[in-house]
There are 2 protein chains.
Amino acid sequence: MSNMRHSCMSDLPGFRVTPFLSALSADMIARLSDAGFRRKFRDGQLVHSRGDTLRGISIIETGGAQVGIYGPDGTFILTSYLGHGHTFGEFTVFTELPRTHDVSAVGETTLLQISASRFLAICDEEPAYQRALLVTSLVRAHRLLEMLDALQRLPLLERTAKFLLLLSPENTTSPLLRFRQSDLASSLGVSRASLNRALGELSTLKLIEPGYSQLQIIDRETLQSWLLSRSSKPR
Amino acid sequence: MSNMRHSCMSDLPGFRVTPFLSALSADMIARLSDAGFRRKFRDGQLVHSRGDTLRGISIIETGGAQVGIYGPDGTFILTSYLGHGHTFGEFTVFTELPRTHDVSAVGETTLLQISASRFLAICDEEPAYQRALLVTSLVRAHRLLEMLDALQRLPLLERTAKFLLLLSPENTTSPLLRFRQSDLASSLGVSRASLNRALGELSTLKLIEPGYSQLQIIDRETLQSWLLSRSSKPR
DNA sequence: ACAAGAATGTCGCATATTTGACATTCTTGT
DNA sequence: ACAAGAATGTCAAATATGCGACATTCTTGT
């Protein structure tokens, strides 16, 4: 299946959720750096699969990662893009649960990987690591709740807009999102045809500008307020 | 709107996610107890609303709480039920974000509420509180991811089954869930009619037993394995 | 510059879901 | 025991979405 690799979105490093590393001092980062080992990945290369039980945390040093689940038919449901300073796999360290998601590299990517036992030891020694992780995961849960609400309550057009906002970095006015419509479609749980219609409407409203394997949000603020102005109309 | 209160589910104290308090020693609980103040709520009484900015954590001592979002038309999307030892509002302590959910009491309920500043001080003094909260929130995020995946990927019948499993306590074989079909319907993002059909089918398969304002899962294990046997068939 | 592949845009038809209505069953308060 | 309200069960018509097919546009490698 062709979309098994690089539904890329290369130039979007930070994504909404505050990166773990940004809450740590240079010293603390250096300490992590010593505790783990580095691995390099090519664009699209699989890092972890859903169901894996090897325990440990991964921190993105360069490049990015896409998190989602591949269906048996090859469709990919995207949950989030992670950029520099973000982590994944942390919950394999603190719980007994297997991995829930497939993670693959977006662009040339370097990961710092730390084993569960090693990372636990570090957290016990220095609680600030835990604090940083706690904040990160609370904010992530917040984001997931918003996605959930959008899927349940909003009609297709609004749902699409909301996901675009959730998948784009907060600090830009006019982000360029790099993915195929088919990927966004399965992330929203709709067919490509329906998504295409929705994007068409949003485009007519001059809120976005669809392109080939990419999509530009004309203005985040405008899209946000458009969405707000419609949020009173439920599905 | 009548369903603004008590879509109850009274006798289900612990819900899947490991309660925060269960990870703490008696001493540590006592310390929290001193730091906060108690408030009592009647069945169905509103505790917090989406958008509230008052910051602090709430811990359930007795009774339970239902977490979700009321739509403008009074429909209620349920995210989870919380029982004894669970917390909510913790992310108002560690982030700047407003509350995302409406929380109301299920049955006579006593909450221990601790202000953000107070709780932060406690966490700084004793990192074990943070650790407990970290684990809780990682497991919660895990659960949310499962819900997201179900909404996006599974056909109605399977989606319904999955939500029933996610909303019932893990440690029972044959839980009795207390809610109206209309509430479950909006939690799943479908109409009451569709949900009713789905429940009918599950009932025919002898997997559940629908009742008046309640629903019994005949056997959690059986339902689980039925779901697994169908999970290869995507929407 | 060109061909081949990949992704988008757009059909019509099949299917699933919503909507609004109504009858039925269950529960609760008096 | 009864009436009133609340929730479920079910229907037909309207709508929305999925599916499969195909033409078109864009990109990439040679």
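Each remark here, short or long, concerns the structure printed above.
The rules behind these values
Residues numbered from 1 in each chain as written. Chains lettered and ligands numbered in written order. Predicted model: local features only at pLDDT ≥ 70, side-chain atom pairs only at ≥ 80, totals over all residues. Heavy atoms only, no water. Contact = heavy atoms within 4.5 Å. Buried area = accessible area lost by both parts, 1.4 Å probe. Salt bridge = Lys/Arg side-chain N within 4 Å of Asp/Glu carboxyl O. Polar contact = N/O pair within 3.5 Å; in protein donor to acceptor, adjacent residues only side chain to side chain. Helix = DSSP H or I, 4+ residues; strand = E, 2+ residues; numbered from the N terminus. Nonpolar A, V, L, I, M, F, W, Y, C, P; charged D, E, K, R; others polar. Near = heavy atom within 4 Å. Core = buried A, V, L, I, M, F, W, Y, C linked by side-chain atoms within 4.5 Å. Buried < 20%, exposed > 50% of the residue type's maximum accessible area, 1.4 Å probe, protein only. Pairing = 2+ DSSP bridges.

Novice: Can you walk me through the interface of chain A and chain B in this structure?
Specialist: How big an interface is tends to be stated in terms of accessible area lost as the parts join. The interface of chain A with chain B comprises 47 residues on the first partner and 47 residues on the second. Carbon and sulfur atoms make up 69% of the surface buried where chain A meets chain B, a total of about 3900 Å² over both sides. The interface formed by chain A and chain B includes two salt bridges. With a closest N to O distance of 2.8 Å, Asp124 of chain B and Arg131 of chain A form a salt bridge. Between the two partners, chain A and chain B, sit nine residue pairs in polar contact (both at pLDDT 80 or more). Of all the secondary-structure elements, those providing two or more residues to the side of chain A that touches chain B are β3 (56-70), β4 (76-82), α2 (90-94), α3 (116-125), α4 (127-153) and α6 (181-188) of chain A. Per-element tally for the side of chain A that touches chain B: the top contributor is α4 of chain A, with 20 residues. By residue class, the composition of the side of chain A that touches chain B is 25 nonpolar, 14 polar and eight charged.

Novice: Any chance you could explain the protein's contact with DNA strand C here in plain terms?
Specialist: In the region of DNA strand C, 19 residues are neighbours, and Gln181, Asn196 and Tyr212 of chain A together with Ser191 and Ser194 of chain B sit closest. Between DNA strand C and Gln181 of chain A there is a distance of 2.7 Å, counted from a phosphate oxygen to a backbone nitrogen or oxygen. At 2.7 Å from a phosphate oxygen of DNA strand C is found a side-chain nitrogen or oxygen belonging to Ser191 of chain B. Those elements that provide at least two residues to the surface near DNA strand C are α6 and α7 (192-204) of chain A together with α7 (192-204) of chain B. Counting residues per element, the surface near DNA strand C draws most heavily on α7 of chain B, at four residues.

Novice: I'm lost on the nonpolar core in this one. Help?
Specialist: Considering soluble globular proteins, one finds that nonpolar side chains tend to be buried as a cluster. In terms of nonpolar packing, the biggest core is built from 76 residues, with Leu164, Leu202 and Trp226 of chain A together with Leu164, Leu202 and Trp226 of chain B touching the most fellow members. In this structure Leu164 of chain B touches Leu177, Phe179, Leu184, Leu199, Leu202, Ile208, Leu215 and Ile217 of chain B, once residues within four positions along its chain are discounted. Val93, Phe94 and Tyr129 of chain A together with Leu21 of chain B belong to the second-largest nonpolar core, a separate cluster that totals 44 residues.

Novice: Would you mind showing me how to read the sheet that holds strand β7 (residues 176-177) of chain A here?
Specialist: Residues and elements named next belong to chain A. Spatially, three strands are ordered β7-β9-β8 in an open sheet, and the strand pairing comes out antiparallel. Bordering the open sheet on either side are β7 and β8 (208-210), each of which pairs with just one other strand. Where β8 meets strand β9 (residues 215-217), three bridges bridge the pair, whose relative direction is antiparallel. Across the sheet, Glu209 pairs through a bridge with Gln216, a residue of β9.

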